[in-house]
Amino acid sequence: MDLKTFEEQLPEIQKKELAVVIFKGTTGADGVNWCGDCVEADPHINKVLVPLCKEKDVPIYYVEVGDRPTWKDPNHPLRKHPVCKVTSVPTIWLFQKGKATRSISDMCNNDDMLAELLEDL
């Protein structure tokens, strides 16, 4: 989903007991994501986090932050978001009972860190 759709769906996401929101660079028309860190993290997210979310019945929402120039704008709305501030991509936020409570940004390619996101839940 794009930022506008995320803002529209945020109230529904916040109604969930648990939810995971993954913020990443937008994939271009050529099928390539400009964010190298996002590309590197994807296999780890798919190997570790997606199965854990399925096992625990936790929905995952993917939010594309825009193309590189859009994201690099210091006034990008997510950089100052009141609910889940995002300063780098990829960033993964865990929502618990309506609040963004845990996040991972620079370790999204670390299987252990991804597993810890849902630990004790």
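Summarised in this report is the structure supplied together with it. Along each chain, numbering runs from 1 in the same order as the chain's sequence is written. Where totals are concerned, whole chains, interfaces and linings use all residues; where local detail is concerned, this predicted model gives features only for residues with pLDDT of at least 70, and gives and counts side-chain atom pairs only at 80 or more. Side-chain figures throughout are based on the complete set of non-hydrogen atoms in the structure, without hydrogens or water.

## Focus: the sheet that holds strand E3 (residues 91-96)
Moving on, step 1. In this description, strands pair whenever DSSP reports at least two bridges between them. Runs of E in the DSSP output that reach at least two residues are strands. Runs of H or I that reach at least four are helices, and both are numbered from the N terminus. One open sheet holds the 4 strands; their spatial order is E2-E1-E3-E4, and the pairing between them is mixed. Edge strands, defined here as strands with exactly one partner in the open sheet, are strand E2 (60-64) and strand E4 (99-104). Pairs of neighbouring strands in the sheet enclose a mean axial angle of 25°, with direction left out of account.
Moving on, step 2. Here E3 runs beside E4; their pairing, made up of 5 bridges, is antiparallel. Axis lines are fitted to C-alpha atoms, over the contacting stretch for helices. Their N-to-C directions set the angle, which ranges from 0 to 180 degrees.

## A few points about the packing of aromatic side chains
Moving on, step 1. Whether two aromatic rings pair depends on their centres lying within 6.5 Å, for rings of Phe, Tyr and Trp, where Trp uses its six-membered ring; planes under 30 degrees apart make the pair stacked, over 60 edge-to-face, and the rest tilted. Summed over all chains, the structure comprises 1 aromatic pair.
Moving on, step 2. With centroids separated by 5.3 Å and ring planes inclined at 85°, the aromatic side chains of Phe-6 and Phe-23 adopt a geometry described as edge-to-face. In this pair, Phe-6 is assigned in helix H1 (residues 3-15) and Phe-23 in strand E1 (residues 18-24), connecting sequence segments 17 residues apart.
Moving on, step 3. We call a charge positioned above a ring when the Lys NZ or Arg CZ atom is no farther than 6 Å from the ring centre and deviates by at most 35 degrees from the ring normal. The cationic tip of Arg-79 hangs over the ring face of Trp-71; the distance from NZ or CZ to the ring centre is 4.1 Å.

## What to know about the pairing of E3
Moving on, step 1. A simple rule labels every residue: compare its accessible area, found with a 1.4 Å probe on the protein chains alone, to the largest value its type can have, and call it buried under 20%, exposed over 50%, or partly exposed in between. Where burial is concerned, most of E3 is hidden: 5 out of the 6 residues are buried.
Moving on, step 2. With 6 bridges connecting them, E1 and E3 associate as antiparallel partners. Across the sheet, the residue bridging to Phe-23 is Thr-91, located in E3.
Moving on, step 3. Hairpin connection between E3 and E4: a loop of 2 residues separates the two successive antiparallel strands, and Lys-97 in this loop has a positive phi of roughly 50°.

## Comments concerning the environment of Lys-99
Moving on, step 1. Along the chain, Lys-99 falls in strand E4.
Moving on, step 2. For Lys-99, a relative accessible area of 58% corresponds to the exposed category.
Moving on, step 3. Sequence separation between Lys-99 and Ala-19 is 80 residues; the distance between their C-alpha atoms is 9.8 Å.

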